[in-house]
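# What the coordinates show
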Amino acid sequence: AGEEVGVPLSWEGMFGVPVGAGADGCCPPGKATLYGSVTRRGLSSDGVPDIVASEGFVVGEVTKKSILISCPHENVSTKFLAPYTSFCRIHQKSITCLDISSGGGLGVSTSTDGTMKIWQAANGEIRRLLEGHVYDVNCCRFFPSGLVVLSGGMDAQLKIWSAEDASCVVTFKGHKGGILDTAVVDRGRNVLSCSRDGTARLWDCGQSSCLGTVADCGSPVNGIAVGAADSSLNLGSPESPPSEREVGTEGKMLLLAREDKKLQGVGLQSRQPVFLFMGSDAFNCCTFLSSTYILAGTQDGNIYQLDVRNTNAPIQVIHRSGAPVLSLLPYRDGFIASQGN
């Protein structure tokens, strides 16, 4: 209850008709989803839309930027937020991944139109076109500096780009399948990737080389996250001394969201398994909320919150709808989730 959900259209577009994008739904745990619709009847003199909901739903506070919808029968409510701004000309088709630089000035995104672009976060003005991957580009992210971009594609290649002149400065090869996610270790001397080939690999940017396979899961790894682990956690010890090229891996844990319904934790420096949690469906994404708490989302719409010190049972399982959980991002005291509905 009370969670905020972003919507991709203005109120005029969203609520001009009582169906389609204006559809509302309430999904009580273990019960069928209740569906309804919202309709805009007009505008008040001060520009606030007059909104009505179908039977079973109640319209609460309405402003120019938000609409509160509740379902009294289930005692839940959701606030729908109008977008702060919309950029419609960066890509022609679905956007598959995006990131914003640490300073907030630049965005980078990939799309099913086959392109990867860098743009001004303030106005959506395209600054650079990054070309070099063969086939689809699946993931992109800025290094902490905001001047460099990391990408992974279905061509099994991991690439590092200059955001200033769009040149590809490094290409890593070694995966046997498409790269599905990436992570940057600390300031970026080392980076991580995961792939459809079931492995997660650690790379040295300075020498363009693979420092090792951190995990070999035997199942596609859909998402990864790296973070400092709680000091009470036993991350294991490396079988041999780590390379001097490894920077910032000590005390870190790598989370792996796996296609075989498993969420795994691995000591980044030791390469040793820390925990293995079985979920309800394929895991698509994962993230650290803190050194103690983690989140992971599944294909059937579950968001698991776990305590890394004891993963036998989740702290909570959030289920808003049966749509796949596609990405998770810590935000203030909570998190933002995107789903495939």
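Everything discussed here concerns the structure shown above.
Residues numbered from 1 in each chain as written. Predicted model: local features only at pLDDT ≥ 70, side-chain atom pairs only at ≥ 80, totals over all residues. Heavy atoms only, no water.

Before going further, it helps to examine the overall build of the protein. Scanning the protein from terminus to terminus reveals one helix and 29 strands. Overall size of the protein, expressed as C-alpha extent along the three principal axes, is 70 × 50 × 30 Å. In the protein, which comprises 341 residues, the proportion classed as buried is 45%. Long-range contacts, defined as pairs at least 24 residues apart, comprise 40% of the intrachain contacts of the protein with a sequence gap of at least 6. For the protein, the accessible surface area stands at approximately 16900 Å², while carbon and sulfur atoms represent 49% of it. Distance from the positive charge centre (28 side chains) to the negative charge centre (33 side chains) of the protein: 3 Å. (Helix = DSSP H or I, 4+ residues; strand = E, 2+ residues; numbered from the N terminus. Buried < 20%, exposed > 50% of the residue type's maximum accessible area, 1.4 Å probe, protein only. Contact = heavy atoms within 4.5 Å. Areas by Shrake-Rupley, 256 points an atom, 1.4 Å probe, with all protein chains shown as cover. Lys, Arg positive; Asp, Glu negative; His and termini not counted. Charge placed at Lys NZ, Arg CZ, Asp CG, Glu CD.)

Moving on to the sheet that holds strand 15 (residues 168–172). The strand order 12-13-14-15 describes an open sheet built from four strands, whose pairing is antiparallel. The two strands at the open ends of the sheet, each matched to only one other strand, are strand 12 (137–142) and strand 15. Put simply, the sheet's adjacent strands are angled 20 degrees from each other on average, direction ignored. (Pairing = 2+ DSSP bridges. Axes fitted to C-alpha atoms, helices over the stretch in contact; angles between N-to-C directions.)

Applying the stated criterion across every chain yields a total of five aromatic pairs. Consider the rings of Phe-87 and Trp-119, whose centres lie 5.9 Å apart with planes at 65 degrees: the pair is edge-to-face. Highlighted residues: Phe-87 in the loop between strand 7 (76–81) and strand 8 (95–100) and Trp-119 in strand 10 (residues 116–120), separated in sequence by 32 residues. In this structure Phe-87 comes out as partly exposed when scored by relative accessible area, which is 28%. Given a relative accessible area of 7%, Trp-119 falls into the buried group. Taken together, the ring pairs in this structure connect Phe-277, Phe-283 and Tyr-304 into an aromatic cluster. (Phe/Tyr/Trp six-rings, centres within 6.5 Å; stacked < 30°, edge-to-face > 60°.)

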